[in-house]
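Coordinates in review
Letter by letter, the chains look like this.
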Amino acid sequence: MRARKFFLHRPTDLDEAIRLKAEHGDAATFHAGGTELLVALKAHVLHYEHVIDLKQIEALKGVRLRDDGTISIGSLSTHDRIANDPIIRESLPGYAALSEHVANIRVRIAGTLGGVLCFAEPHADAPTLLCALDAWVVLLGPDGEREIPSRDFHLGEFTTARADDEILASIEIAPQSAGTRSAYRSFGHTERPAVGVAAVWSTDNAQRLSLWAGAISACPTRLSRAEEAAAELDGGLPAEAAWGRLRDAVRADAQAIDAHDDLHGGADYKRHLVSVLAERAIKACLP
Amino acid sequence: MSQTESEFPMMRVDFKLNGAPASVDVEPCEMLIDVLRDRLRLTGTKRSCDVQVCGACTVLVDGNPASSCTTLCADAHGREVTTIEGLAEGKRLDPVQRAFIAHGALQCGFCTPGMILAVKAMLARHGAPSEADVRHYLRGNICRCTGYVKIIEAVMDLIHNPSSYQ
Amino acid sequence: MDFRIDALLPATASQLWAIFFDVKRVAGLIPGCENVVEVEKLKSFSATMRQKIGPFKLEVPTRIEIDSYDIERQVCLKAVGADKATGTTIDVRMVVDLQEQRGGEDALCKLDVSAGMQVAGRLASLGYPIVRKRSEQLFAEFEARLRAELSHLDGSRPAEDDSPAADDESTLPAQAQPAPQPGVAAATAAGAADPSARNAAPPPRAAAQRREPPPAAPVGNAPGAGTTELVFLWPRLGINVAVAVGVAHGAVALGQSPWWWLAAPLLGVAASLGRRGG
């Protein structure tokens, strides 16, 4: 079907965008890549009279390194841009690889990281790894700026901590220590993942492992038993031995996940995938 | 509050289409495929799934594949759009088109415009992709007829023997 | 989608009616159910189901119709609704059978529900997994509200039983927990005979809130309120419907529309289906 009519606004700076949203309230929505919004508008499952296109706002673009080494990803960064960005490829190759495998080339060209995070469809890749990386988001609204850790940003299906009148401006990732590796593995028979697991393994960090499962439930879920088990491990274990010590804890974590049968697979199957993907992600981080 | 339908103004969209300047007055809600097919009579771009999954509607925007069914025409403002009609120069087919024909890489032809444009974009970006790279890049272009074998063969042949198709 | 409920409720058919009250109150237990109106006495009802998930809003005007009935034994009904904005339609056909069990010390009534559901439309196809999951959550919420409602009803303990202390809310049965996997059977109704498994009904304070006194059904024989131990194949919907049936019987007995008990389970179903579009 054709989308119903709307005004298209093209603010050139953030203040104007925030003002427009405040003015039109619930009748307005933000628009970036449109990979979710436009599908919903065409199907008439959503309707807005005012669409605020953010793509002219330079402040939301680009990937840069802050002075303290924090990687700052503008929310308008597309998956394709992130996959090919030299800073990301250098510092977060696991995340570059994730971005390279999102959906298909057309979605990677058009879709933005900000859009994925704000739309909050559970079957997505980036939120899982961003939680494992302890990333945080910067939100801008009429009342100013605030920061929220990724793990607190995702609240449920299509629900985030972003207030309706706020714009997600950037995603920030702290500099990774020299001994840190990260990897993401996912599986799905559609363009969206049924299950994804993100592992961040630090050889020079007492906490050692950050392990999160995503797409399987309403928001990314920490696999805490596995993380605790990893903290007990001796350093320098080869991949197979490390996995051997973590496997049962991962399975216990997977069993505890509240999964549902759906078109992406049965609940049991998805829980099983968590273990399989966790093994691959963890081993990918280790020598 | 709610506007009546007549109060939503049209927008002027200026862009480049197959190398030539184009200018249309559109509703902001019109998708690029609607404008290309219905207003501009460029029906080489096909509408199939309408949810940007199948790739039949693929056009190139600034050289990159885009789902024209899920792209606002307004978002093409100031950009370069290439449709399948823009590939051939008169009777002289593009090398990708010739490779497809030589290898029988199409049957019903419905996915073909999108498929060819995706290949074109891929080759502009990657000089010599491996077969795995090709499969990865073309993942979002679905073909119901061919089973993809001939398509991949055509592309790999074009990559390895470009002079055959000049 | 088909489902069955097969439950033994610790009550007589007419006692089930006597326990509960108010049509509006039953509707209030169904999350998102609003504007419940009896359209035609003994025949049809209308209601609106409203739900929201993130930016998606659903409003389903629902029409519930009784196709046929056999008093205190069976009813056949259907619920049909459509949300114009999203093009979501729901269609439920249901047969409810009641069979009071004779020859036991305690009152028991067998409840058998057989239903077929069809949900169609763009929102349902685009978001089916989430829609289905939200349905389950709605049922759990309805169940929780209903249990809370039942636990406030008074005088429902059998006088002869050594029931647990009246105020001890902690004896609420653990089977109130929603089962995470469909198909898992809850505690069987055999447990109903075990007094320690019954809900302890709080003291009669709730009676003061009632607008009408209960009818002359012997209070002493009524089972513990809320002891709806069910065997069911589709837990969420099963609890939802079965309890709604019980609630509705009560509403009927208090002089409200006699056929509310037919409509309530349908509303419960419709509520879950309304979820489907959300």
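Moving on to the interface of chain A and chain C. At the junction of the two partners, chain A supplies 14 residues and chain C supplies 17 residues. Grouping the constituent residues of the side of chain A that touches chain C by class yields seven nonpolar, four polar and three charged.

Let's shift gears to the domain arrangement of chain A. The domain boundaries assigned to chain A delineate domain 1 (7-52), domain 2 (60-173) and domain 3 (180-285). Its C-alpha centre places domain 1 of chain A at a distance of 36 Å from the equivalent point of domain 3 of chain A.

To continue, consider the sheet that holds strand β3 (residues 58-61) of chain B. Residue and element names in this part refer to chain B. Read from one edge of the open sheet, five strands run β2-β1-β5-β3-β4, paired in mixed fashion. One side of each edge strand has no neighbouring strand; the edge strands of this open sheet are β2 (20-26) and β4 (64-67). Sheet twist, expressed as the mean angle between neighbouring strand axes with direction ignored, is 40 degrees. Alignment of β3 against β4, held across four bridges, turns out to be antiparallel. Bridging across to β4, Val-61 finds its partner in Asn-64. Running over the sheet, helix α3 (residues 112-125) touches β3, β4 and β5 (80-82) and is turned about 30 degrees from β3.

Moving on: the interface of chain B and chain A. The partner chain A presents 20 residues to the 26 residues of chain B that form the contact. It is β4 of chain B that contributes the most residues to the side of chain B that touches chain A, four residues altogether.

Let us now look at the packing of helix α10 (residues 224-231) of chain A against helix α11 (residues 239-255) of chain A. All names here are of chain A. Between α10 and α11, the least distance of the axes is 7 Å, while the angle of their chain directions is 160 degrees. In terms of orientation, α10 lies roughly antiparallel with respect to α11. Where α10 crosses over α11, the two elements pack in a sense that is right-handed. Taking contact as the criterion, the partners of Ser-224, Arg-225, Ala-226, Ala-229 and Ala-230 in α10 are, on α11, Arg-245, Leu-246, Ala-249, Val-250, Ala-252 and Asp-253. Residue composition of the contact of α10 with α11, grouped by class: seven nonpolar, one polar and three charged.

Let's shift gears to the environment of Val-95 of chain C. Residue and element names in this part refer to chain C. If you trace the backbone, Val-95 turns up in strand β6 (residues 88-101). With 15 C-beta atoms counted inside 10 Å, the residue Val-95 sits in the partly exposed group. Taking the C-alpha atoms as reference, Val-95 lies 8.1 Å from Asp-112; in sequence the two are 17 residues apart.

Attention shifts here to the sheet that holds strand β14 (residues 221-222) of chain A. All names here are of chain A. Taken together, the four strands give an open sheet; going across it, the order is β11-β12-β13-β14, and neighbouring strands pair in antiparallel fashion. A strand with exactly one partner marks an edge of an open sheet, and here the two such strands are β11 (180-187) and β14. The sheet contact formed by strand β12 (residues 195-202) and strand β13 (residues 209-214) spans six bridges and is antiparallel. Paired with Ala-199 across the bridge in β13 is Leu-211. The strands touched by α10 are β13 and β14; relative to β13, the strand with the most contacts, the crossing angle is about 165 degrees. The sheet contacts of helix α12 (residues 267-285) involve β11, β12 and β13, and relative to β12 the element is tilted by about 30 degrees.

A word on the packing of α11 of chain A against α12 of chain A. Residues and elements named next belong to chain A. The N-to-C vectors of α11 and α12 enclose an angle of 150 degrees; their axes lie 9 Å apart at closest approach. With respect to α12, the element α11 is oriented roughly antiparallel. In terms of crossing hand, the pair formed by α11 and α12 is right-handed. Taken together, the residues of α12 that come into contact with α11 (itself represented by Ala-239, Ala-242, Trp-243, Leu-246, Val-250, Arg-251, Ala-254 and Gln-255) are Arg-271, Val-274, Ser-275, Ala-278, Glu-279, Ile-282 and Lys-283. Residue composition of the contact of α11 with α12, grouped by class: nine nonpolar, two polar and four charged.

Quick look at the domain arrangement of chain B now. Residue and element names in this part refer to chain B. The domains assigned to chain B are domain 1 (5-86) and domain 2 (95-165). Look at where the C-alpha atoms of domain 1 and domain 2 centre, and you get two points 23 Å apart. Contacts between the two partners involve 16 residues from domain 1, matched on the other side by 13 residues from domain 2. Looking at the side of domain 1 that touches domain 2, the elements that each hand over two or more residues are β3 and β4. Tallied by class, residues from the side of domain 1 that touches domain 2 come to seven nonpolar, eight polar and one charged.

Thresholds applied
Residues numbered from 1 in each chain as written. Chains lettered and ligands numbered in written order. Predicted model: local features only at pLDDT ≥ 70, side-chain atom pairs only at ≥ 80, totals over all residues. Contact = placed C-beta atoms within 7 Å. Nonpolar A, V, L, I, M, F, W, Y, C, P; charged D, E, K, R; others polar. Domains from an automatic or database assignment. Pairing = 2+ DSSP bridges. Helix = DSSP H or I, 4+ residues; strand = E, 2+ residues; numbered from the N terminus. Axes fitted to C-alpha atoms, helices over the stretch in contact; angles between N-to-C directions. Parallel < 35°, antiparallel > 145°, perpendicular 65-115°, else oblique. Left-handed = near helix turned anticlockwise from the far one by under 90°. Buried ≥ 20, exposed ≤ 12 C-beta atoms within 10 Å, placed from the backbone.

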